[in-house]
Amino acid sequence: MTSLHRDDSSRRQRRSDPLIVVLRWLSVAGWLILLAALLVLAEAKPPVETFFERWYDIRLRSTWNLELARYIFYLMLLGLGTSLTGLAINSRRLRRKGDEWRVSLVLVAAISLLGLIRYLTAF
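Scoring rules and cut-offs
- Numbering of residues starts from 1 in each chain and follows the order in which that chain's sequence is written.
- Local features are withheld for residues below a pLDDT of 70 in this predicted model, meaning they are given only at 70 or higher, and side-chain atom pairs are given and counted only at 80 or more; totals for whole chains, interfaces and linings count all residues.
- Side-chain numbers come from the whole structure's heavy atoms, not from hydrogens or water.
- Secondary structure elements are defined from DSSP: runs of H or I of at least 4 residues count as helices, runs of E of at least 2 residues count as strands, and each element is numbered from the N terminus.
- Given a helix with a known number of residues, its expected span is that number minus one, times 1.5 Å.
- Note on exposure labels: buried denotes an accessible area under 20% of the residue type's maximum, exposed denotes more than 50%, and partly exposed covers the range between, all computed with a 1.4 Å probe on protein chains only.
- Note on contacts: a residue pair qualifies if any of its non-hydrogen atoms lie within 4.5 Å across the two residues.
- Pairs of N or O atoms within 3.5 Å make up the polar contacts considered here, provided that, within protein, one atom can donate a hydrogen while the other can accept it, and that residues adjacent in sequence are counted only when both atoms are side-chain atoms.
- Any two of the Phe, Tyr and Trp rings considered here, Trp counted by its six-membered ring, make a pair once their centres fall within 6.5 Å; the pair's planes then place it as stacked at under 30 degrees, edge-to-face at over 60, or tilted in between.
- Orientation is described by lines fitted to C-alpha atoms, with helices fitted over the stretch in contact, and by angles between N-to-C directions that extend from 0 to 180 degrees.
- Here roughly perpendicular refers to angles of 65 to 115 degrees, roughly parallel to angles under 35, roughly antiparallel to angles over 145, and oblique to all remaining angles.
- Left-handed is the label given to a crossing in which the near helix is rotated counterclockwise from the far helix by less than a right angle, and right-handed is the label when the rotation is clockwise.
- Amino acid classes used here: Ala, Val, Leu, Ile, Met, Phe, Trp, Tyr, Cys and Pro are nonpolar; Asp, Glu, Lys and Arg are charged; the rest, including Gly, are polar.

> For helix α4 (residues 66-92), give the residues involved together with the corresponding values.
Residues spaced three or four apart along an α-helix point in a common direction, a consequence of the helix completing one turn every 3.6 residues. Its 27 residues give α4 an end-to-end C-alpha distance of 39 Å, which sits within 8% of 39 Å, the value for a rise of 1.5 Å per residue. Taken together, the buried positions of α4 are Ala69, Ile72, Leu75, Met76, Gly79, Leu80, Thr82, Ser83, Gly86, Leu87 and Asn90. Each element contacted by the buried residues of α4 is listed here: α2 (18-44) and α5 (103-122). For α4, the N-terminal capping position is held by Asn65, with its side-chain oxygen 3.2 Å away from the main-chain nitrogen of Glu67.

Set out below in structure tokens:
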């Protein structure tokens, strides 16, 4: 009977907790959203004039693409929402001694919040 009990408890420990899996996926999603915002930012900002543009007298756009910049705002909001959702789930999960805050979710929330503040002050 004791060996059966031991096998059952070791099986439970090996099984991954569904909340941990959700937290992992929310963290990955948050970083992918921030990466997408960074790529949109690269497209929205005015291009840098190089030697070739000056040499061939090519005119470049000198202003931000505001339509694309709006997507940066939405992506930052989505990243903040994703990380706050993950942090809310994480706070419910902090009951055991070994449980801890997901630093990745905190970083995504902080970067998204700073990005939103920067967006609102710049545009």
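After that view, the rundown keeps rolling.
> Let's hear about unusual backbone geometry: which residues, and what values?
You will see that Asp57, though not glycine, has its phi angle at about 55°, which is positive. Examined against the element boundaries, Asp57 turns out to sit in the loop between α3 (51-55) and α4. Note on Asp57: relative accessible area 65%, which makes it exposed.

> Describe the packing of aromatic side chains, listing the residues and the values that go with them.
Aromatic ring pairs: the centre-centre distance and the angle between the two ring planes describe each pair. Within this structure, the stated rule accounts for 6 aromatic pairs. Aromatic pair Phe51 and Phe52: ring centres 5.5 Å apart, planes at 70°, arrangement edge-to-face. Here Phe52 falls in the exposed class, since its relative accessible area comes to 53%. Three or more aromatic residues link up through ring pairs in this structure, and these residues are Trp64, Phe73, Tyr74, Tyr119 and Phe123.

> I'd like to hear about the environment of Leu78, residue by residue, with values.
Within the secondary structure, Leu78 sits in helix α4. For Leu78, a relative accessible area of 47% puts it in the partly exposed group.

> Break down the packing of α2 against α4 for me, citing the residues and quoting the values.
It is the contact of α2 with α4, at a shortest axis distance of 9 Å, that shows an interaxial angle of 165°. Between α2 and α4, the interaxial angle falls into the category roughly antiparallel. In the crossing of α2 with α4, the sense of the turn from one axis to the other is left-handed. When its residues are assigned to classes, the contact of α2 with α4 shows 20 nonpolar, 6 polar and 1 charged.

Keep in mind these values describe shape, not function.
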